[in-house]
Amino acid sequence: RNGIYPLMNFAASRPHALPRALSQPQEDPQKAKTPTPEPFDVETRKVVQMQCNMELNEDKSQWHLTLLLILEDKLHRQLSYDLLPS
């Protein structure tokens, strides 16, 4: 919505469907408190231009990846992520 999304959430275009069991076993209530994923909007605009830049940080301990996407409605998205050598 605001144009600021983590790079890892950008790859999935739709959530994966999980198979459902006919009967669910009873679980311990403390173990059942897993957070539910937040719903997300599917991006329908097309990318008309893309630019990628990788730079080694000054201390040479990690890489900094930057992606610049220009969408068909002239909106710019800049995504960045720090990568460790491993």
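Residues numbered from 1 in each chain as written. Predicted model: local features only at pLDDT ≥ 70, side-chain atom pairs only at ≥ 80, totals over all residues. Heavy atoms only, no water.

## Examining the overall build of the protein chain
No. 1: Counting its regular elements, the protein chain contains zero helices and three strands.
No. 2: Each helix and strand of the protein chain, placed in order from N terminus to C terminus, yields the pattern β-β-β.
No. 3: Taking the intrachain contacts of the protein chain between residues at least 6 apart in sequence as the baseline, contacts between residues at least 24 apart amount to 35%. (Helix = DSSP H or I, 4+ residues; strand = E, 2+ residues; numbered from the N terminus. Contact = heavy atoms within 4.5 Å.)

## Some details on the pairing of strand β2 (residues 63–71)
No. 1: As paired elements, strand β1 (residues 47–56) and β2 share nine bridges and run antiparallel to each other. Counted as the bridge partner of Cys 52 is Leu 67 from β2.
No. 2: What sits between β1 and β2 in their antiparallel hairpin is a turn of six residues, with Lys 60 showing a positive phi close to 55 degrees.
No. 3: Note that β2 and strand β3 (residues 76–83) share eight bridges and pair antiparallel. In the strand pairing of β3, Thr 66 is matched with Ser 80.
No. 4: The hairpin formed by β2 and β3 contains four residues between the paired strands, and Lys 74 there has a positive phi angle of roughly 70 degrees. (Pairing = 2+ DSSP bridges.)

## Focus on the side chain of Arg 77
No. 1: With respect to the helices and strands, the residue Arg 77 is situated in strand β3.
No. 2: Looking at Arg 77, the relative accessible area reads 8%, which means it is buried.
No. 3: A polar contact is formed between the side chain of Arg 77 and the side chain of Glu 43, at a distance of 3.4 Å. (Buried < 20%, exposed > 50% of the residue type's maximum accessible area, 1.4 Å probe, protein only. Polar contact = N/O pair within 3.5 Å; in protein donor to acceptor, adjacent residues only side chain to side chain.)

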